[in-house]
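Next come the chains, spelled out residue by residue.
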Amino acid sequence: MHLLPFAAGVFTLLILPGPTNAILAMASQGLTFGRAIALLATVMSAYLAIVLPAAGLASSFLRDHPLVSQGVKLVSATWVLYLALRLWGIGSSPVEAVRVRQLAVTTLLNPKALIIGLTMVPPAQEVPLTGSIAILASVVLAVSSIWLSIGRLILGREKRIPPFARRCGSATLVAFSAVLTFSALGG
């Protein structure tokens, strides 16, 4: 049975800090039950929207067209840098709440989704697709809930993100942007 190793691999990859997780932690500020459900549904939908086509169609295309793969990484890096600057407060009023749209775009551009889709999803002839989707959705929900909880522990019940937490989140996103850029440029 390939579902347990798939679940363990996806959990291990997704639990690592990354752009989506940093945004989730910041989004826990002023969290309500309804907002938590919206955030979790957004992350799950965005991951499924990338993983499923990548697992079924994109693998050979991206392997045959490395410039497209580099372009996806650079777009991802640019978006994450934009979020970092907004979180820091450059060019706008200080960010008070993470919007669902920002979380959706960040997750859609998250390279972890491509990694899962291109390298981790078990072949359909070995594991039913519905089983893979159910495992992926469950793991995404569990990991996202953990990161919302981590954010809640760090930020507490503040209605505003404390400046120190904003700056740390921003610095984390800049680091992810740099890693993505370095990776895209062949480093």
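Check the entry above for the structure.
Let me begin by describing the structure that accompanies this report. (Residues numbered from 1 in each chain as written. Predicted model: local features only at pLDDT ≥ 70, side-chain atom pairs only at ≥ 80, totals over all residues. Heavy atoms only, no water.)

1. A short note on the side chain of Q102
So, point 1. As for its position among the elements, Q102 is in helix α5 (residues 100-108).
So, point 2. Within the structure, Q102 has its side chain in polar contact with the backbone nitrogen of R99 (distance 3.0 Å). (Helix = DSSP H or I, 4+ residues; strand = E, 2+ residues; numbered from the N terminus. Polar contact = N/O pair within 3.5 Å; in protein donor to acceptor, adjacent residues only side chain to side chain.)

2. Points about the packing of aromatic side chains
So, point 1. What the rule picks out here adds up to one aromatic pair.
So, point 2. Relative to Y82, the ring of W79 lies with its centre 5.2 Å away and its plane at 35°, an arrangement referred to as tilted. One end of the pair is W79 and the other is Y82, both in helix α4 (residues 66-88) and three residues apart, which spans about a single turn.
So, point 3. Given the relative accessible area of 15%, W79 is considered buried.
So, point 4. For Y82, a relative accessible area of 36% gives the class partly exposed. (Phe/Tyr/Trp six-rings, centres within 6.5 Å; stacked < 30°, edge-to-face > 60°. Buried < 20%, exposed > 50% of the residue type's maximum accessible area, 1.4 Å probe, protein only.)

3. Things to note about the nonpolar core
So, point 1. Ranked by size, the top nonpolar core spans 37 residues in total, and within it V10, L14, L24, I116, L136 and L173 carry the most contacts.
So, point 2. For this core, the elements supplying multiple residues, two or more each, are α1 (3-15), α2 (19-27), α3 (33-64), α4, α6 (111-120), α7 (129-155) and α8 (163-184).
So, point 3. Per-element accounting of this core gives the leading share, seven residues, to α3.
So, point 4. Ignoring anything within four residues of it in the chain, the contact list for I116 reads F6, V10, L13, L14, V51, V121 and L136. (Core = buried A, V, L, I, M, F, W, Y, C linked by side-chain atoms within 4.5 Å. Contact = heavy atoms within 4.5 Å.)

4. Focus on the packing of α4 against α8
So, point 1. The contact between α4 and α8 brings their axes to 8 Å, and the two run at 165°. In terms of orientation, α4 and α8 fall into the roughly antiparallel class. The hand of the α4/α8 crossing is left-handed. Along the contact surface, α4 presents Q70, K73, L74, S76, A77, V80, L81, L83, A84, L85, L87 and W88, while α8 presents R166, R167, G169, S170, L173, V174, F176, S177, L180, T181, S183 and A184.
So, point 2. Considering only residue class, the contact of α4 with α8 consists of 14 nonpolar, seven polar and three charged. (Axes fitted to C-alpha atoms, helices over the stretch in contact; angles between N-to-C directions. Parallel < 35°, antiparallel > 145°, perpendicular 65-115°, else oblique. Left-handed = near helix turned anticlockwise from the far one by under 90°. Nonpolar A, V, L, I, M, F, W, Y, C, P; charged D, E, K, R; others polar.)

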